[in-house]
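Overview (structure and organization)
So you can see what is in the structure, the chains are spelled out below.
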Amino acid sequence: MTLALPEVSSGMQERVADALGRVEALIEERIDHEDPFIAEANVHLLRAGGKRFRPMLTIVAAELGDGVNDAVISAAAAVELTHLASLYHDDVMDEADLRRGTPTANTAYGNSTAILVGDLLFGHASALVADLGPEAVRIQAETFIRLCTGQIRDDRQAPEGSDASAWYLRVLQDKTGVLIATAARYGAMFSGCSEDVVETMRVYGERLGMAFQLADDLIDIESSEEELGKTPGTDLREGKRTLAVLHALASTSPEDARLRELLRSDLSGDAELAEALGLLRAHPALEQARAETRAVGEQAQAALADLPDSEAKTALLALATSATSRAS
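Throughout what follows, the structure given in this document is the object of discussion. Note that this is a predicted model, so its numbers are computed, not measured.

When helices and strands are counted, the protein shows 16 helices and two strands. Relative to the globule expectation of 20 Å for 328 residues, the C-alpha radius of gyration of the protein, 20 Å, shows essentially globular dimensions. In terms of overall dimensions, the protein has C-alpha extents of about 60 × 50 × 35 Å along its principal axes. Considering the protein as a whole, with its 328 residues, one finds that 52% of them fall into the buried category. Sequence-distant contacts, at least 24 apart, represent 74% of the contacts inside the protein between residues at least 6 apart. Working note: accessible area of the protein is about 14300 Å², and carbon and sulfur atoms make up 50% of it.

This is the structure in structure tokens:
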């Protein structure tokens, strides 16, 4: 399932859908394997669904230039493979049981296989990018470095004395923003856009990615397991301090003492996690984080201000709205 593209013509909707079909076919072709077990593990998360947000962004960005071509399709496939690979690793680190309503690869095949399949998918992504030229290879390498940097920092608390919210937003720039920035950048690059437009798409994509992750953070708190397709409160269980948690911890109200106690404690138990989720869902910190999420989405839209009006620009503005409104 993809995010909708409101306010654009049926013609553009059809072009995007057709291009996404080509991306999906290319991914399946590349990750097929002569060993049936490896072939099955490779497509485990691909066939579980997903929004295909990143390749869709590459395709929409290409509409700012000469449109979709084979290089745009390859770039979009490489970005989605990189994303899928990171999910295999994330699920191992998170000890997650469900992803998109489907048992995670680590549950189905074990941690070692899940990690190795993630590595394999990174390899397939790199092979696709290698055919796109040295600049694309450099961008992919820098993206991968920042992805890993963000993930490492995400497993640590902010250094003592630092601004915890600012630290967290920087983590999101690397952990999520950079790959979405690369998706947008590739679409503009390989459709013949000017360097200024390519840079505009990089900035837009990074801000969009941050807003997308901030919305996911809120959804992890607010949604039920049925709505989410995985166990809610994963971030709380892991001790991750997302914006809503940071704001709740900053409260000095005596009424919030129990919530602060829970958020600083081990929430691996179901009863404690459920209590923390209930209290956090009713706390003003959640609305504060929601407002900040909308503000980051608006920053993404503001990055497009200098682009001339076009159907592609309308679609990009709508994507930012769709990404953040998921948590409304």
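Bringing helix H1 (residues 10–31) into the picture now. Its 22 residues give H1 an end-to-end C-alpha distance of 32 Å, which sits within 8% of 32 Å, the value for a rise of 1.5 Å per residue. Those residues of H1 that sit buried are Met12, Val16, Ala19, Leu20, Val23, Leu26, Ile27 and Ile31. Along H1, the residues classed as buried sweep out an arc of 120° about the axis, all on the same side. Opposite the buried face of H1, at more than 90 degrees from it, the exposed residues are Ser10, Glu14, Asp18 and Glu29.

This brings us to the packing of aromatic side chains. Applying the stated criterion across every chain yields a total of three aromatic pairs. Ring geometry for Phe53 versus Phe212: centroids 4.5 Å apart, planes at 20°, classification stacked. With a gap of 159 residues between them, Phe53 in helix H3 (residues 53–62) and Phe212 in helix H9 (residues 195–222) connect regions that are remote in the sequence. Pair check on accessibility: Phe53 and Phe212 agree, each one buried. Ring plane angle 50° and centroid distance 5.7 Å describe the contact between Tyr186 and Phe190, whose orientation is recorded as tilted. Against the face of Phe212 rests Arg326, its NZ or CZ located 4.0 Å from the ring centre.

What counts as what
The written sequence of each chain sets the order in which its residues are numbered from 1. Only residues with pLDDT of at least 70 are given local features in this predicted model, and only at 80 or more are side-chain atom pairs given and counted; all residues enter the totals for whole chains, interfaces and linings. Calculated side-chain values reflect all of the structure's heavy atoms, with hydrogen atoms and water omitted. Helix numbering and strand numbering both begin at the N terminus, where a helix is a DSSP run of H or I of at least 4 residues and a strand a DSSP run of E of at least 2. This radius of gyration counts C-alpha atoms alone. The globule rule is 2.2 Å times how many residues there are, raised to the power 0.38. Any residue under 20% of the maximum accessible area for its type is buried, any over 50% is exposed, and the rest in between are partly exposed; the area is computed with a 1.4 Å probe on protein chains only. It only takes one pair of heavy atoms within 4.5 Å for two residues to be counted as in contact. The protein chains shown are the only cover counted for residues, whose accessible areas, like all others here, come from Shrake-Rupley with a 1.4 Å probe. A helix is expected to span 1.5 Å multiplied by its residue count minus one. As used here, the arc belongs to the directions running from the helix axis to the C-beta atoms. Under the pairing criterion, centres of Phe, Tyr and Trp rings, with the six-membered ring standing for Trp, must be within 6.5 Å; the plane angle then separates stacked pairs below 30 degrees from edge-to-face pairs above 60, leaving the rest tilted. By definition here, charges over rings are those cases where NZ of Lys or CZ of Arg is within 6 Å of the ring centre and within 35 degrees of the ring normal.

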